[in-house]
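Geometric and topological summary
Residues per chain are reported as follows:
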Amino acid sequence: MGHHCPVLRAAGCRSNRQAGSLPHIAGQILIGKIWLARFCSLGLALTTPFLVHAERTTLSLDGTWRIADSISATDMPAAFPATVSVPGLANLAKPGFKDIDKFISRENLANRIRAKLSPEEWLTNYWKGKLDQDRNYFWYQTTFRSPEPHAVALLKIAKAQFGTAVWLNHLKIGEYAGCFTASYFKLNGAIRWNAENTLLIRIGAHPAVLPDNYPTGSDFEKIKWTPGIYDSVSVIFCDNPGIETIQVAPRVASGEIVVQTKVKNHGATPATASLAHRVKTWKGGKQLAAGAPEIVALQPGEEKEFAQTIRIPNAHLWSPEDPFLYVLESSTGGDSVETRFGMREFRFDAATKRAYLNGKVYYLRGSNITLHRFFEDPLCRDLPWQESWVRKLLGDLPKKMHWNYFRFCIGPVPDRWLEICDEAGLLIQNEFFVWTGGPGWYKGYSRAHDPDEMVRQYRDWMRDNWNHPSVVVWDANNETKDEIFGSKIIPVVRPLDLSNRPWENSYNSPAGRDDPVEDHPYLMSGYHFGRGSFQMTDLEKMDGRPRKGVLPSDKHAPLINEYGWLWLNRDGTPTRLTEKVYERLMGTTNASPRERLDLYAYLLAGKTEFWRAHRHYAGIIHFVYLTCSYPGVYTADHFADVTKLKLDPAFADYMGEAFKPLGVYLNFFQPTLIAGSNRTFQVRLVNDRDRAADGTLTLVLEGANGNVIEQVERAFSLGPLGDTSLEVPLTVPRNLTGRCTVKAVAKARDKTFGEATQSRRWITISPAQ
């Protein structure tokens, strides 16, 4: 399993597992070009040496470990009664541990108290969270055999929660407080070369073991908190000078990359070396460019940073439609690293309020994944570490749904997920796991963060992800009002990213001139709180602009990355937030699960069409594609079978139409039409592609069995990225009654637009008076 580290921190390679395979048993040694079929993580990087004398040896520790629990942080277990997979979650241990992940966070306590599900005194009595399990820590143990001596032996734990401490051969190596970023531990002082070594890793069993002002994940709607080493573990061996980090920043206009390399002499004597870079295609390995070798002279323990610009002839740009990848091979003679990257630039523009990909306006369409909520789903198990499952989740299905953009919300993903996004072509808004709400949300609730620790962890988070072409937005937090982000965190860490990605800062003022702002227009949330009178017919008179005073700035590009408030569990039952919604929509009669799921898809598609059609947002990102679903949850996803990634058919149908690049919005939500009446329907069309779309719009009145009753055709013409509105008259036959559907169907002559797009409205035809 090749990795990046602080001997490779920026190049961050990942697991050695072949596509679709299960984790290897801990202790397999990989040498040289260790995993041509496997790609590195923490930054588009693969860690594969390209000079024989500079090979890095990487030992994968992914596989089956032994596990035990304890209350004490210092009393090591005398025995390990169970086994567990790494990467994975502690609740997968065999045999299992009683009451694992039973912890109610401060945020969820505040939410439960407001809903009168818990007594008010719990918030003060359990300020650090209510613990309902008899443990504080889990201890993971494995053994490995090391190779011949190297100048550096470095342990990399890609991600683990909650907090990490490491012992090797009974000697404590160190601790790391981060839950969402990679930790590195130098093992030289304790390792036994060319011999068996015993590695022990302690993690917290729940967030409360860490300081209260450290980020452990804050989520008002997360019910279970599951610990685990949920990303890969490896030991990296190399010689001097070591490559600490690499960052590759594309410059699309000039066809160049800026390469920033940090190297370190870990030895006791001065070291001189030649730092060399060369660029190849990821597929095929064709060499295209090379940088001029640079002499590196380092004193003992000295670390230096070098920058070089390399031109790539006829650079092939990366995009969701064409996710072309390169590899940068770097060597010092003592160490070598491969860093995968794409020629991609992404930004928002305050003047036009649009997103730009590689210098061109690019409309964003997509959804959210809340992986750490999915961790608590009874069906989660080891699915997030199954290659074929993840590739379908992030590659095949998003393409079918016409999505090009996801927000990874409420917790990070394993490195392999971002590698797959790079390969499949998916833009990612990468969110740091903070959600503390706005002023007055919950009586008595507050949370403060230590600024220095936040900066340390945000730096590590950026280091882990800055080479991925898929990662295009740093999202500092979700639905949070806290000036610390704009004043003490983002300004400090932003300059570290040589690609200058935009930052999204939730309810706080944008931290940069062209940074976007988010909007969550939950038009039906009032139903849950016993207020609000919104009806879908209101959309007919609305112009789709952000509500006045809602955004932290009306001078920046707005982005909708949550909307709907219509969630249903996978079995069609309402969630905790939508019981009153469906009572309002469907009455108190016993609607069937199928009827609710159909209505959910229908209304969500109508809102999606509406927001897209009015063109006031740079992107429309639905909430939520993957999360947990079981009795008592607040939100849920759209899978009929999450283990097989089978979407609910109504959702796949209606939302698949609503997100097509050639968008259609029938501005009509009246429940009835009168037989014999004449009506003019407004139909709005949008073209998200940068090529013209000419074709035919057909307005159809369709019977309950799908028969065409009336239809009218109109020609349409859309420029590249254009939009238009058409008025189309239709007469309802006098002798018609019953349920029907009005459909607006747009078909482009250009076959690259694919099948026709349709917008549908359910109606009942009433008899003429």
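The model shown is predicted, which means the values in this text are computed figures rather than measured ones. (Residues numbered from 1 in each chain as written. Predicted model: local features only at pLDDT ≥ 70, side-chain atom pairs only at ≥ 80, totals over all residues. Heavy atoms only, no water.)

A closer look at the overall build of the chain
Along its length, the chain carries 11 helices and 45 strands. Over its C-alpha atoms the chain spans a radius of gyration of 27 Å, differing by no more than 12% from the 27 Å that the globule rule assigns to 769 residues. Its C-alpha atoms put the chain at 95 × 65 × 45 Å along the principal axes. Counting every position in the chain, which comprises 769 residues, the buried fraction comes to 63%. Positive and negative charge centroids in the chain, built from 91 and 83 side chains respectively, lie 2 Å apart. (Helix = DSSP H or I, 4+ residues; strand = E, 2+ residues; numbered from the N terminus. Rg over C-alpha atoms; globule rule 2.2 N^0.38 Å. Buried < 20%, exposed > 50% of the residue type's maximum accessible area, 1.4 Å probe, protein only. Lys, Arg positive; Asp, Glu negative; His and termini not counted. Charge placed at Lys NZ, Arg CZ, Asp CG, Glu CD.)

Structural notes on the pattern of salt bridges
All told, the structure shown has 50 salt bridges when counted by the stated rule. The partner of D231 in a salt bridge is K159, with the nearest N and O atoms 3.0 Å apart. Residue D231 is found in the loop between β13 (196–204) and β14 (233–238), and its partner K159 is found in the loop between β9 (152–157) and β10 (164–168); the two are separated by 72 residues along the sequence. Given the relative accessible area of 4%, K159 is considered buried. Members of the salt-bridge network, linked through shared partners, are R340, E387, R391, R416, E419, D422 and E423. (Salt bridge = Lys/Arg side-chain N within 4 Å of Asp/Glu carboxyl O.)

Focus: the pairing of β14
A regular strand places its side chains so that they alternate between the two faces of the sheet. In terms of burial, β14 is a largely internal element, 6 of the 6 residues being buried. The alternating pattern of β14 places V233, V235 and F237 on one face and S234, I236 and C238 on the opposite face, and all of these are buried. Of the pairings in the sheet, the one linking β9 to β14 comprises 6 bridges and is antiparallel in character. For L155, the partnering residue across the bridge sits in β14 and is V235. (Pairing = 2+ DSSP bridges.)

So, the nonpolar core
Membership of the largest hydrophobic core comes to 109 residues, with the highest contact counts inside it found for I369, W389, L393, L394, F408, W417 and Y458. The element contributing the most residues to this core is helix α10 (residues 593–613), with 11 residues. Apart from residues lying up to four places away in sequence, I369 is in contact with L393, L394, F406, R407, F408, C409, W417, V624, Y625 and L626. Residues A90, I157, A160 and F185 belong to the second largest nonpolar core, which totals 33 residues. (Core = buried A, V, L, I, M, F, W, Y, C linked by side-chain atoms within 4.5 Å. Contact = heavy atoms within 4.5 Å.)

Structural notes on the confidence of the model for the chain
When pLDDT is averaged along the chain, the result is 93; 93% of the residues meet or exceed 70. For residues 1–53, every residue scores under 50 in pLDDT, and the model assigns this stretch 264 contacts once sequence neighbours within four places are set aside. (pLDDT = per-residue confidence, 0-100.)

Section: the sheet that holds strand β20 (residues 303–311)
Pairing within the open sheet is antiparallel, and its 3 strands lie in the order β15-β16-β20. Single-partner strands in this sheet number two, and they are β15 (242–251) and β20. The average angle at which neighbouring strand axes cross in this sheet is 15°, direction not considered. Alignment of strand β16 (residues 256–264) against β20, held across 9 bridges, turns out to be antiparallel. What sits directly across from Q260, in β20, is A307. (Axes fitted to C-alpha atoms, helices over the stretch in contact; angles between N-to-C directions.)

Describing the layout of surface pockets
Counted as a void, the largest pocket has a volume near 1000 Å³. Lining the largest pocket are 37 residues, and of these R114, W441, S525, F529 and W565 lie nearest its centre. Those elements giving two or more residues to the lining of the largest pocket turn out to be α1 (106–114), β33 (517–519), α8 (525–528) and α9 (579–586). Considered class by class, the residues forming the lining of the largest pocket number 18 nonpolar, 7 polar and 12 charged. Along the walls of the second largest pocket sit 28 residues, with E321, Y362, R365, P661 and R689 positioned nearest its centre. (1 Å grid on protein atoms, 1.4 Å probe; cavity = no way out; pocket = protein on both sides within 12 Å on 5 of 7 lines; lining within 4 Å. Points joined across faces, edges and corners; volume = space filled by probe spheres on them. Nonpolar A, V, L, I, M, F, W, Y, C, P; charged D, E, K, R; others polar.)

As for the packing of helix α6 (residues 451–465) against helix α7 (residues 484–493)
Viewed as axis vectors pointing N to C, α6 and α7 meet at an angle of 45°, and their least axial separation amounts to 9 Å. The orientation of α6 with respect to α7, classified from their angle, is oblique. Note that α6 runs across α7; the crossing there is right-handed. Residues P451, M454, V455, Y458, R459 and M462 of α6 touch α7, and the partners they reach there are I484, F485, K488, I489, V492 and V493. Considered class by class, the residues forming the contact of α6 with α7 number 10 nonpolar, no polar and 2 charged. (Parallel < 35°, antiparallel > 145°, perpendicular 65-115°, else oblique. Left-handed = near helix turned anticlockwise from the far one by under 90°.)

Some words on the sheet that holds strand β43 (residues 723–731)
Taken together, the 3 strands give an open sheet; going across it, the order is β38-β40-β43, and neighbouring strands pair in antiparallel fashion. The two strands at the open ends of the sheet, each matched to only one other strand, are β38 (662–666) and β43. Taking the axes of each pair of neighbouring strands and ignoring which way they run, one obtains an average angle of 25° across the sheet. Each of β38 and β40 (678–687) touches α10; the most contacted strand, β38, lies at about 110° to it.

Let's talk about the environment of A756
Mapped onto the elements, A756 comes out in the loop between β44 (738–748) and β45 (757–766). Taking C-alpha positions, A756 is 69 Å from T269, a pair spaced 487 residues apart along the chain. Apart from residues lying up to four places away in sequence, A756 is in contact with E657, K660, V745, A746 and K747.

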